[in-house]
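# Reading the structure
What follows is the residue order along each chain.
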Amino acid sequence: LGTSRWLLMDIAITLVELPECHVFKIPPRQSAAGYKAEDWKDYHIWTGKCKVVGKGEVCEIMLEDPNTGELFASCPVNANEEENSNTVEPCLDSGRFFVLRVEDGSGRHAFIGIGFQERGAAFDFKVALADFKAGVKRDKQAQQAPLIQASNTDYSLKDGQKIVVNLKGKNKVEEKKVSAYQQAVGGVAPSAPAGVAKSGLSLAPPPGAKKGGISAIAPPPGGKKAAWKSSSTTGAAPQQQTATTTQAQKKGLH
């Protein structure tokens with residue numbers, strides 16, 4: 001329907017249709033504060049359907065016969081009227097009853113009371129009127145707002161142009177991952193990223209090995225007479241192992 005759905009349309013739209021509406025003849029107003037439904041609940045004169053129809057800047061409250069569609073009374077409501085207008089007045093003592101200013105088309109008007117059996121129907125009636133006024137006001141503001149001119153600047157990429165995006169903190173994230181790996185395995189990851197310091201792996205000695213040196217190892221048969229001694233141990237154990245190795249070599253020669 002566009003931005004001005006009410007102002008530009010030349011057709012009538014039914015905003016709400018309520019199947020049961022009661023009409024009352026009301027006595028003169030007792031005070032300037034407003035009307036009370038309690039004062040005219042015994043003056044019921046008609047029952048029919050209530051229809052709210054919007055067209056342009058005016059919506060019309062139409063009371064029609066439910067069987068024949070004959071119009072009983074009509075109350076035009078201008079969307080530009082003030083909030084304290086007496087066209088539609090809610091009653092002071094009930095949210096289901098209202099006072100309408102009806103017209104006969106010749107300039108004469110009268111006041112009648114209407115009421116709904118259900119609160120939901122009364123709520124729909126009030127919401128339809130409020131939405132119509134708000135819609136007309138919004139459409140007028142949209143028409144009066146200055147139009148935004150489109151920019152003629154061409155922001156498309158030319159041939160050969162590229163967009164470069166620098167992601168801050170990416171290298172720091174990689175360094176954190178490598179540091180976590182080092183803590184887990186006790187060294188540097190095999191494929192550490194560039195810029196990350198490398199260090200040797202710290203491996204534990206095999207079971208039974210002595211700290212600070214290498215144990216004596218017998219040479220192969222036929223090899224030179226030699227004995228590897230631990231640089232950190234002295235005593236009878238290395239000499240005894242050397243003597244045993246020499247005797248084994250002599251037996252092999254014979």
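Residues numbered from 1 in each chain as written. Predicted model: local features only at pLDDT ≥ 70, side-chain atom pairs only at ≥ 80, totals over all residues. Heavy atoms only, no water.

## Concerning the overall build of the protein chain
A count of helical and extended segments in the protein chain gives 3 helices and 7 strands. Going from the N terminus to the C terminus, the protein chain shows its helices and strands as β-β-β-β-β-β-β-α-α-α. Residues classed as buried in the protein chain amount to 26% of the 254 residues present. Intrachain contacts of the protein chain at a sequence separation of at least 6 include 51% that bridge at least 24 residues. Per element, the accessible surface of the protein chain, about 18,700 Å² overall, is 54% carbon and sulfur. (Helix = DSSP H or I, 4+ residues; strand = E, 2+ residues; numbered from the N terminus. Buried < 20%, exposed > 50% of the residue type's maximum accessible area, 1.4 Å probe, protein only. Contact = heavy atoms within 4.5 Å. Areas by Shrake-Rupley, 256 points an atom, 1.4 Å probe, with all protein chains shown as cover.)

## Re the packing of aromatic side chains
Scanning the entire structure with this criterion turns up 7 aromatic pairs. On the numbers, 5.4 Å between centres and 55° between planes, the contact of F24 with W40 is tilted. Of this pair, F24 sits in strand β1 (residues 13-25) while W40 sits in the loop between β1 and β2 (44-55); the two residues are 16 residues apart in sequence, bridging distant segments of the chain. Neither F24 nor W40 differs from the other in exposure class; each is buried. For the ring pair F116 and F125, a centre distance of 5.5 Å and an interplane angle of 45° mean the geometry is tilted. (Phe/Tyr/Trp six-rings, centres within 6.5 Å; stacked < 30°, edge-to-face > 60°.)

## So, empty space enclosed by the protein
Enumeration over the complete set of coordinates arrives at 2 cavities of 30 Å³ or more. What the second largest cavity holds in volume is close to 50 Å³. Around the second largest cavity, the lining residues are P27, P28, R29, Q30, G34, Y35, K36, D39 and W40. Partitioning the lining of the second largest cavity into residue classes produces 4 nonpolar, 2 polar and 3 charged. (1 Å grid on protein atoms, 1.4 Å probe; cavity = no way out; pocket = protein on both sides within 12 Å on 5 of 7 lines; lining within 4 Å. Points joined across faces, edges and corners; volume = space filled by probe spheres on them. Nonpolar A, V, L, I, M, F, W, Y, C, P; charged D, E, K, R; others polar.)

## What about the side chain of K51?
Note that K51 resides in strand β2. The residues contacting K51, other than those within four sequence positions of it, are T14, V16, E17, E60, I61, M62 and E64.

## Focus: the confidence of the model for the protein chain
In this model, the protein chain carries a mean pLDDT of 75, and residues with pLDDT of at least 70 account for 60%. The low-confidence segment residues 226-243, where pLDDT is below 50, has 14 contacts with residues more than four positions distant or belonging to other chains. (pLDDT = per-residue confidence, 0-100.)

## Side note on the nonpolar core
Judged by nonpolar contacts, the single largest core of 28 residues is most densely connected at I61, L63, V88, L100, I114, F116 and F125. For this core, the element with the most residues is helix α1 (residues 119-144), which contributes 7 residues. Here I61 is in contact with C50, K51, V52, A73, S74, C75, V77, V88, L100, F125 and L129, once residues within four sequence places are set aside. Membership of the second largest hydrophobic core comes to 8 residues, among which are Y35, A37, W40 and C91. (Core = buried A, V, L, I, M, F, W, Y, C linked by side-chain atoms within 4.5 Å.)

## As for the pattern of salt bridges
Counting across every chain of the model gives 8 salt bridges. Ionic pairing is found between R101 and E103, a salt bridge with its closest N-O pair at 3.0 Å. Accessibility expressed as a relative area gives 23% for R101, which makes it partly exposed. One network of salt bridges, in which partners are shared, links E17, K49, K51 and E64. (Salt bridge = Lys/Arg side-chain N within 4 Å of Asp/Glu carboxyl O.)

## Quick look at the pairing of β1
Pairing geometry for β1 and β2, over 9 bridges, is antiparallel. Looking at β2, one finds that L18 is bridged to C50. Bridge count between β1 and strand β7 (residues 109-115): 4 bridges; the pairing is antiparallel. If you follow H22 over to β7, its bridge partner there is G115. (Pairing = 2+ DSSP bridges.)

## A short note on a nonpolar patch on the surface
The grouping of L157, I163, V165 and L167 at the surface amounts to a nonpolar patch, some 460 Å² of accessible area in total. Its place among the elements puts L157 in the loop between α1 and α2 (170-185). Overall, the relative accessible area of 51% leaves L157 in the exposed class. (Patch = residues over 30% accessible without salt bridge, like charges linked within 9 Å, V, L, I, M, F, W, Y side chains within 5 Å.)

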